[in-house]
Amino acid sequence: MTAGAGTRTLAARCLGGCASALHAGRWLPLVLVFLAACGETAPPAGEPDAAAEADGPMPEVPAYVPNQRSGTVSVIDTATDQVARTLDGDGGLGGRLQQVMIGSGGDRLYVVDAQAHRLHELDVASDRILRSVDIGENAEGVAESPDGRRFAVCVEGQNEVMLIDPETFEVGTRIQTRGRAPEHCVFSPDGRWLLTSNEGSDDLDLIDVEAAESVAAIAVSGHPRGIAFSDDGRIAYVAQESANTVDIVDLQARTRTASIPAGERTAGLVLSEDGSRLYASNGSGSVSVIDTQAREEVARIQVGQRPWNPALTPDGGKLYVANGRSNSVSVIDTGRMEEIRQIPVGEMPWGVVIAR
């Protein structure tokens, strides 16, 4: 329902209630009838009004939140920490959203629709799906190469990575992974390598992008999830959900060199711009703050239920974490290292992405 339709419905119900009262000659309770008729359609307190948000202006620094079960993307204004818009591609985004990726121009979102096995290109301004491509069974992660020439999609159900040409929006290459159930796809900063976290085999595939082949499988601690690269691309930090750690992987040596204890069911990761802090979301309801030099947890911040993939604002001042089972996004002040707000979003938010 549009905002205008909702207003017309509300007005009709209010007038109907008033007319009934006048016809019966009950002047005294007229105001009560009017308020009761109007109050029935008011949105619940504390929940975002999706209809009112649909056509709102775009924030200067938006945070995008794919709501897995709602089939929508919440757009949070990071200046006000309010939901500014709710995107649904005119109802075409599907009923099982996974990762979203911001296109290099900033005016497009690429949304993994695991229900329909599609990657959608969404125009943010018009909330319109421009193109879609078949990406196979149970895809989850999507990433853009640093030079913008390729998109990579991790297809868990088929144990492969698809490389998509952004110009033609067609699958150009399919790469079989050595491991099972690749979930996250992340390019190294120089674009030479693509790393996949294989949750079904407790390892990572190291893929040579130009050769379009996997050259190694690197064993890790247990059920790898989110990945973050150091700026020089030598080190990959990998969340380990069943081991409750963040593994440090040396890509030149192609081996795990250390593990940093974190919270229970470590899943999502984001690295600060200067590389000094690593933020790890823990499925048990917290975020671990890790000092990368000391290689130890220095703080643990309580958030909502089942927090997943986090994102930092460009200035690093705030961290946003999707709470999958709380239907909310926690906002953390990284200076004070504490949660300052929870923002209601759609059902089962998968993660947060912010252009940096």
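Scroll up a little and you will see the structure.
Report follows, based on the coordinates. (Residues numbered from 1 in each chain as written. Predicted model: local features only at pLDDT ≥ 70, side-chain atom pairs only at ≥ 80, totals over all residues. Heavy atoms only, no water.)

## Things to note about the overall build of the chain
Phase 1: Summing up its helical and strand segments, the chain has three helices and 28 strands in all.
Phase 2: Counting across all 356 residues of the chain, residues that qualify as buried make up 52%.
Phase 3: Long-range pairs, those at least 24 residues apart, make up 42% of the contacts in the chain between residues at least 6 apart in sequence.
Phase 4: Accessible area of the chain: about 15,500 Å², with a carbon and sulfur share of 47%. (Helix = DSSP H or I, 4+ residues; strand = E, 2+ residues; numbered from the N terminus. Buried < 20%, exposed > 50% of the residue type's maximum accessible area, 1.4 Å probe, protein only. Contact = heavy atoms within 4.5 Å. Areas by Shrake-Rupley, 256 points an atom, 1.4 Å probe, with all protein chains shown as cover.)

## Thoughts on the pairing of strand β19 (residues 255-261)
Phase 1: With six bridges joining them, strand β18 (residues 245-250) and β19 adopt antiparallel strand pairing. Note that in β19 the partner of V249 across the bridge is R256.
Phase 2: In this antiparallel pair of consecutive strands, β18 and β19, the connection spans four residues, and R254 shows a positive phi of 55°. (Pairing = 2+ DSSP bridges.)

## As for the packing of aromatic side chains
Aromatic ring pairs: the centre-centre distance and the angle between the two ring planes describe each pair.
Phase 1: Enumeration according to the criterion identifies two aromatic pairs in this entry.
Phase 2: Their ring planes at 40° and their centres at 6.0 Å tell us that Y110 and F169 sit as a pair that is tilted. With Y110 in strand β5 (residues 108-113) and F169 in the loop between β10 (160-165) and β11 (170-176), the pair connects residues that are 59 residues apart, well separated along the chain. The burial state of Y110 is the same as that of F169; both residues are buried.
Phase 3: Chaining the aromatic ring pairs together yields one cluster made of Y110, F151 and F169. (Phe/Tyr/Trp six-rings, centres within 6.5 Å; stacked < 30°, edge-to-face > 60°.)

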